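Architecture and fold: a report
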Amino acid sequence: MSTAFENISPDLIWEVTRTQNAFLTKRKQSGGMQFSRDPLNLLNKHSRKYAGYVNPQAIGIQADSNTVKMITKVAARANKPASMYHESSFSASTPSRKLYRAVVNSTAKKGYRSDLRAETVARASAVKLSQKEKKDKVQKTKPRSAKARKARLEEAGSSA
């Protein structure tokens, strides 16, 4: 949903498409909340700041078969849809801190949407956490006070 003309303002595009677009999801059950399914929207929140199809520079972080995929929009290639996006992938074995550093270095530190630094790292963290294998944890609780005394007495009585 990118523009074909350079002379159209992103603000104008937002004003025209903010009530109706392919990415908009409205929920009446949740008090009229509006969400976005735009792949370049970090928070999935329907707002001008996070709308990837409107902004000439946009960042998207997605899960992709056990990897974290970062997509950035190249503003210079706005009229070339096939090559408009730059993709970087980070494998599952990439340490978390290295992933966050790479995401920040490739976006905010280069002056590319530095206002989305925290949101980008949070999204990368959530994707990385979702790909982590869950461990079955069975915690055995220790008996406290009266129950503990009773258990000790039973152990002492059975061993004697």
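Preceding block: the structure.
Report follows, based on the coordinates. Everything quoted here is computed from the prediction, not taken from an experiment.

The rules behind the values
- Every chain is numbered independently, its residues counted from 1 as its sequence is written.
- Whole-chain, interface and lining totals are the exception, using all residues; otherwise, since this is a predicted model, local features are given only for residues with pLDDT of at least 70 and side-chain atom pairs are given and counted only at 80 or more.
- Computation of side-chain values: all heavy atoms of the structure, hydrogens and water removed.
- By the criteria applied, helices consist of DSSP H or I runs no shorter than four residues and strands consist of E runs no shorter than two, each listed in order from the N terminus.
- Each radius of gyration reported is based on C-alpha atoms, and the globular scaling rule is 2.2 Å times the count of residues to the power 0.38.
- Residues count as neighbours in contact if any of their non-hydrogen atoms are within 4.5 Å of one another.
- Exposure was quantified through the Shrake-Rupley algorithm and a 1.4 Å probe, taking into account, for residues, occlusion by the shown protein chains and nothing else.
- For the charge count, each Lys or Arg is scored as positive and each Asp or Glu as negative, with His and the chain ends excluded.
- To locate a charge, take NZ of a lysine, CZ of an arginine, CG of an aspartate or CD of a glutamate.
- Accessibility here uses a 1.4 Å probe with only protein chains present; expressed as a share of the type maximum, an area under 20% marks a residue as buried, one over 50% as exposed, and anything in between as partly exposed.
- The rule for a salt bridge is simple: a side-chain nitrogen of Lys or Arg has to be within 4 Å of a carboxyl oxygen of Asp or Glu.
- Throughout this description, a polar contact denotes any pair of N or O atoms lying within 3.5 Å of each other; where both atoms belong to protein, one of them has to be capable of donating a hydrogen while the other can accept it, and for residues adjacent in sequence the pair is counted only when both atoms sit in side chains.
- Working definition: a ring pair exists when centres of Phe, Tyr or Trp rings (six-membered ring for Trp) sit within 6.5 Å. Plane angles under 30 degrees give stacked, over 60 give edge-to-face, the rest tilted.
- Between any two strands, at least two bridges found by DSSP are needed for them to pair.
- Axis geometry follows a simple rule: fit a line to the C-alpha atoms, using only the stretch in contact for helices, then measure angles between N-to-C directions, giving values from 0 to 180 degrees.
- Exposure above 30% relative accessible area and the lack of any salt bridge qualify a residue for a patch; like charges then connect within 9 Å, and the nonpolar side chains Val, Leu, Ile, Met, Phe, Trp and Tyr within 5 Å.

Notes on the overall build of the chain
Within the chain one finds 4 helices and 5 strands. Starting at the N terminus, the α and β elements of the chain follow one another as α-β-β-β-β-β-α-α-α. For 160 residues, the compact-globule estimate of 2.2 N^0.38 gives 15 Å, and the chain exceeds it by more than 25% at 25 Å. Oriented by its inertia axes, the alpha-carbon framework of the chain measures out at about 90 × 40 × 25 Å. Considering only intrachain contacts with a sequence separation of at least 6, the fraction spanning at least 24 residues in the chain is 43%. Of the roughly 11,400 Å² of accessible surface on the chain, a fraction of 52% belongs to carbon and sulfur atoms. Side chains of the chain give 32 positive and 12 negative charges; the mean places of these two sets differ by 5 Å.

Here's the deal with the side chain of Asp38
On the secondary structure map, Asp38 appears in the loop between strand 2 (33-36) and strand 3 (59-64). For Asp38, which is buried and forms no salt bridge, the nearest opposite charge comes from Lys73, at a distance of 7.2 Å. A distance of 3.1 Å separates the side chain of Asp38 from the backbone nitrogen of Tyr53, its partner in a polar contact. Once you skip the residues sitting within four places of it in the chain, Asp38 turns out to touch Phe23, Asn44, Ala51, Gly52 and Tyr53.

What about the packing of aromatic side chains?
Applying the stated criterion to the full structure yields 1 aromatic pair. Taken together, a centroid distance of 5.7 Å and an interplanar angle of 35° make the contact between Phe23 and Tyr53 tilted. Taken together, the residues Phe23 in the loop between helix 1 (10-17) and strand 1 (24-27) and Tyr53 in the loop between strand 2 and strand 3 connect sequence positions 30 residues apart. By relative accessible area, which is 8% here, Tyr53 ends up buried.

As for the sheet that holds strand 5 (residues 85-91)
In spatial order, the strands read 3-4-5; together these 3 strands make up an open sheet with antiparallel pairing. Sheet topology places strand 3 and strand 5 at the edges, where each strand pairs with a single neighbour. Each strand axis lies, on average, 20° off the axis of its neighbour in the sheet, ignoring direction. In this sheet, strand 5 lies alongside strand 4 (residues 67-73) in antiparallel orientation, the contact comprising 7 bridges. Counted as the bridge partner of Met70 is Ser88 from strand 5. Where helix 3 (residues 117-130) meets the sheet, its contacts fall on strand 3, strand 4 and strand 5, and the angle it forms with strand 3 comes to roughly 5°.

As for a positive patch on the surface
A cluster of basic side chains, namely Arg97, Lys98, Arg101, Lys109 and Arg117, defines a positive patch on the protein surface. If one sorts the elements of the positive patch by residue count, helix 2 (residues 96-106) sits on top with 3 residues.

Some details on unusual backbone geometry
In this structure, Asn44 is a non-glycine residue whose phi angle is positive, near 55°. Positionally, Asn44 belongs in the loop between strand 2 and strand 3. Of note, Ser65 is a non-glycine position whose phi angle comes to about 35°, a positive value. Mapped onto the elements of the fold, Ser65 is located in the loop between strand 3 and strand 4.

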